[in-house]
Every structure is written in structure tokens, then in C-alpha cells.
Amino acid sequence: MAAGAPRVFVSHLSGVPVFDPNGDQVGRVRDLVAMLRVGGRPPRILGLVVEVVSRRRIFLPMTRVTGVESGQVITTGVVNMRRFEQRPTERLVLGEFLDRRVRLVESDEEVTVLDVAIQQLPARRDWEIDKYFVRKGRGGALRRKGETLTVEWSAVSGFSLEEHGQGAENLVATFERLRPADVANALHHLSPKRRVEVAAALDDDRLADVLEELPEDDQVEILGKLKEERAADVLEAMDPDDAADLLSELPEEDKERLLTLMRPDDAADVRRLMAYEERTAGGLMTTEPIVLRPDATVADALARVRQSDLSPALAAQVYVCRSPDETPTGKYLGTVHFQRLLRDPPFTLVSSIVDSDLVPLPPDTPLPTVTSYLAAYNLVSAPVVDESGSLLGAVTVDDVLDHLLPDDWRETDFHGEGGIRHGRT
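All values derive from a computational prediction rather than experimental measurement. (Residues numbered from 1 in each chain as written. Predicted model: local features only at pLDDT ≥ 70, side-chain atom pairs only at ≥ 80, totals over all residues. Heavy atoms only, no water.)

Q: Describe the pattern of salt bridges, and please don't skip the residues or the numbers.
A: Tallying each qualifying case throughout the model produces 24 salt bridges. Arg57 is the salt-bridge partner of Glu51, the closest N and O atoms lying 3.4 Å from each other. The salt bridge partner of Lys255 is Glu252, with a shortest N-O separation of 3.1 Å. Placement of both Lys255 and Glu252 in helix H9 (residues 252–261) is noted, with a separation of 3 residues, approximately one turn of the helix. Here the salt bridges do not stand alone but share partners, grouping Arg82, Asp233, Glu236, Arg263 and Asp266 into one network. (Salt bridge = Lys/Arg side-chain N within 4 Å of Asp/Glu carboxyl O. Helix = DSSP H or I, 4+ residues; strand = E, 2+ residues; numbered from the N terminus.)

Here's what the structure looks like:
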């Protein structure tokens, strides 16, 4: 762990207020959600259980936490208000770890966990359990007489998964290091019952990534086995174009019910995409490219490009538009490619280096024309602009490939002899 990375003892988080970026209180921390892992790695912190004003307890992913300091938690401001439900692979740190009897690895001595320290991984929003504060001796009347000490997570046994067994918990932990496409490939070859069990145990963001890589039949099967509110959460976490493709495979009644359960902004993006023919620029595009106003600087653009949740294709360029800067935007002015951003000083305005030579794609552009456009100009992404000049979204090369490859290409065994071998992330 890098020196200086934030470390917090969880007892200090209990009851602390949670604020959005505007300083408005969202609620208070009531617990932390962890996932045990195989391979001798420390448990990962998935998020916080936050009690909001209505006394409802909701789940706040750590990816939405921007600060844990000075007796408060700061979020990105995007909070899902659905009630928290603990899943089989999850452990509550305050509720299940504290006061637990475990053993020191070196001496096999039994100790009681009094507190747990979590630490943020360098340059990321991921958090892991770092240390345990324990007391030697037995509980009850002798508890206060025992020696207390702080030990590394690896010095304690009792908080890790066994390498054997078939519980979904173990399989999900094993999948954690795999790329979504590799997890999807593994899921596809499980029995239908097992596939649904393991999919249900994945967290929303991970399941969304995996669903995007599965054949349509598997997507529909898994989504149909989830509770409707959970299914809506997963659809919100998917890229809008992939969510639109999946919903288009459902009966009209089911489609409308899930769209109603989704957040209005997410549902609006999906509905907009579903209005276009599937094999057109409008049907292929994502509504979430990087959009900047003309007065943004190269430094602003590079900060947006560095976001870890962006695909390489979307991070390859930014689109400069007049306000509003969410799709559909104000007037589209042009594109600035990543290489150009690297060549100019940080204070340079993006409007001064914009590339406006290429004519953007209308939303009704057919797939063969989109393919030729990307190939002719050596692009990995292209803007989609309507008749009024507003940017509607961007078509990326990965979405084009999805529609050019055979329908059963996702069912290929990538790990077969002579095939492609994927490394772990």
C-alpha cells in the first residue's frame, strides 16, 4: 500500500454524516459492506450502508465516495434511494466483524476483533481492509485485562474464503480478477440454475459489465430472474445503448415496467435510443461521450479522459459543444483527439484546437456507412449529430463490431487451444 493512502478505523465512521457535493446531508453511515476474497487477498469494501432521513437504509458504493475525512463522508451526489438488501457474498463490517473471535496466524492464539481499519488503494476509489485492532484473552470478565494490539489483515485467520466449495460466494470471489468478457464466457457455460445464482451474487456494476458481454438469450434469462427493482438498478449501471438493446428483447409490458422503475434521466436516455432503428448510428450510439464547453481547457479535458470507468474508445476524444453539455447538447463545434490534448499546454482552450473538418454522422446513417466512416478516417469513435446541430451521442468501434460479427460470436470459447488467451486485470 502506498504511503499516505487514507486509512480509517470503521468505529470512527459509525454515525458520521454523509454529504453531497453541495453540502446537503444525505444521511448517516450505519455500516460498511465488505466482500471476502480468495487467494490471500484482503476483503474489499464495496460500499456504505447509509440511513437517510426517512430511516430507510440504502447502499452507497465506494465508487461514489469522493472523501472520507474530518468526521464526514462526501459523495458524488448520485445516490440510489432503494432499500439496502444484503446479498449472500456480502459481509457487514460493524455488524459481523467486530467482536468476532479469530486467531493470530503466527501463534494460533484466539483474539477478539475490536476495530477494523480500511485503506484506500492508490489513485483509485477502491478500498480494502488493512488492519485489525484486536484484544488477546477471552471475553467476559477477563476481556479488559487482555493485551490489545494492531495487526496486519494477513496476521489474522477467519476472514477469508476457503479455496474449495461450490458456494456462489467462492465463485464470485474467483471471478473478481477476470475481465467482464471472461466472466461472461464462464457464466455462459454454467447450467442455467448456476448461472442465475452466480449472476445474482455479483454487485450491480459488475453484473452490468458482464451482461453487456453475454449473448442475448443469457441476458434475458438473467434479467428475468432478478427482482424488478434490482433489474432496474443493473440496467441503470449498463451503458445506455446496451441497456436499450437488452430491453428491446423483452415483451412490451416488461420493458415499460422496468423503464418506470429506472431513474428518470437514465430511462430517458434509453427511451431515446430505442426510438432509432437498431442498425443505424442512432441505434448504435452511446449517449454518454465526453462533452466539454468551448471555454474548457486541455487540463479539463485530460481530467475527464482519465476517468477509470471510461472505455478506451470513449476516452480517445472529447466533443466540444455549446451549453447544455449533456446529450442532446447545444450546437456541436467539433472534436479534439487525445493525441492533440497531449501536444498542447494545459491552459489551452479546447475551442482553439477543435477539429471541425469531418462531417458528423446523422442518426439514421446505416451500419455499413458507419463502418466505412470509421475505417476511412481511422477512428475509434464518431459523433452523431441531429438536423439542428446538437450532439446526440457517439458511435464507438466496439459497438460496430458487435453488429458485424456473427450472432453467436460471444459463445466462442476464447480459452480453447489456439484461441485468444486473456490476461487477468
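Q: Summarise helix H7 (residues 228–237); cite the residues concerned and give the values.
A: Within H7, 7 of the 10 residues are buried, which leaves it mostly tucked inside the rest of the structure. Every buried residue of H7 is listed here: Arg230, Ala231, Ala232, Asp233, Val234, Leu235 and Glu236. Lining the buried residues of H7 we find helix H4 (192–201), helix H5 (204–211), helix H6 (216–225), helix H8 (240–247), H9 and helix H10 (264–274). (Buried < 20%, exposed > 50% of the residue type's maximum accessible area, 1.4 Å probe, protein only. Contact = heavy atoms within 4.5 Å.)

Q: Can you explain the packing of H8 against H10? Please cite residues and give values.
A: When two helices pack together, you describe them by how their axes are tilted relative to each other and by the distance separating the axes. Put simply, H8 and H10 touch, their axes get as near as 9 Å, and they point 65 degrees apart. Considering only the axes of H8 and H10, their crossing is right-handed. Where H8 approaches H10, its residues Pro240, Asp241, Ala243, Ala244 and Leu247 are matched on the opposing element by Asp269, Val270, Leu273 and Met274. Class assignment for the residues of the contact of H8 with H10 results in 7 nonpolar, no polar and 2 charged. (Axes fitted to C-alpha atoms, helices over the stretch in contact; angles between N-to-C directions. Left-handed = near helix turned anticlockwise from the far one by under 90°. Nonpolar A, V, L, I, M, F, W, Y, C, P; charged D, E, K, R; others polar.)

Q: Outline the environment of Pro324, supporting the account with residue identities and numerical values.
A: Take Pro324: it is sitting in the loop between strand S15 (317–321) and strand S16 (332–337). Take Pro324: its relative accessible area is 43%, and that puts it in the partly exposed class. Non-local contacts of Pro324, meaning those with residues more than four positions away in its chain, are made with Thr329 and Gly330.

Q: Before we move on, can you summarise the sheet that holds S15 with the specific residues and values?
A: If you walk across this open sheet you meet the 3 strands as S14-S15-S16, and the pairing is mixed. The open sheet is flanked by strand S14 (291–292) and S16, the only strands paired with a single partner. Bridging between S14 and S15 involves 2 bridges; their strand directions are parallel. Within the sheet, the bridge partner assigned to Leu292 lies in S15 and is Val320. (Pairing = 2+ DSSP bridges.)

Q: How would you sum up the packing of helix H15 (residues 367–376) against helix H16 (residues 397–404)? Please name residues and give values.
A: Interhelical geometry of H15 versus H16 gives an angle of 135 degrees and a closest axis separation of 11 Å. One element, H15, and the other, H16, form an angle in the oblique class. For H15 against H16, the interelement crossing comes out left-handed. Contacts between H15 and H16 involve Leu367, Val370, Thr371 and Leu374 on the former and, on the latter, Val397, Val400, His403 and Leu404. Each residue belonging to the contact of H15 with H16 can be placed in one class, and the counts come to 6 nonpolar, 2 polar and no charged. (Parallel < 35°, antiparallel > 145°, perpendicular 65-115°, else oblique.)

Q: Describe empty space enclosed by the protein, with residues and values.
A: Tallying each qualifying case throughout the model produces 2 cavities of 30 Å³ or more. Considering only enclosed or pocket space, the largest cavity measures out at about 60 Å³ in volume. Contributions of two or more residues to the lining of the largest cavity are made by S16 and strand S17 (381–385). With 3 residues, the single largest contributor to the lining of the largest cavity is S16. Here the second largest cavity defines a volume of roughly 50 Å³. (1 Å grid on protein atoms, 1.4 Å probe; cavity = no way out; pocket = protein on both sides within 12 Å on 5 of 7 lines; lining within 4 Å. Points joined across faces, edges and corners; volume = space filled by probe spheres on them.)

Q: Summarise the packing of aromatic side chains; cite the residues concerned and give the values.
A: Overall, the coordinates contain 2 aromatic pairs when judged by the stated rule. For the ring pair Phe59 and Phe84, a centre distance of 6.2 Å and an interplane angle of 25 degrees mean the geometry is stacked. Here Phe59 is found in strand S5 (residues 57–61), whereas its partner Phe84 is found in the loop between strand S7 (72–75) and strand S8 (90–92), with 25 residues between them in sequence. On the basis of relative accessibility, which here comes to 16%, the residue Phe84 falls in the buried class. Where Tyr373 meets Tyr377, the ring centres are 5.3 Å apart and the plane angle is 70 degrees; that geometry is what we call edge-to-face. Relative accessible area serves as the criterion here: at 44%, Tyr377 is assigned to the partly exposed category. (Phe/Tyr/Trp six-rings, centres within 6.5 Å; stacked < 30°, edge-to-face > 60°.)

All quantities given are derived from atomic positions and should not be read as evidence of function.
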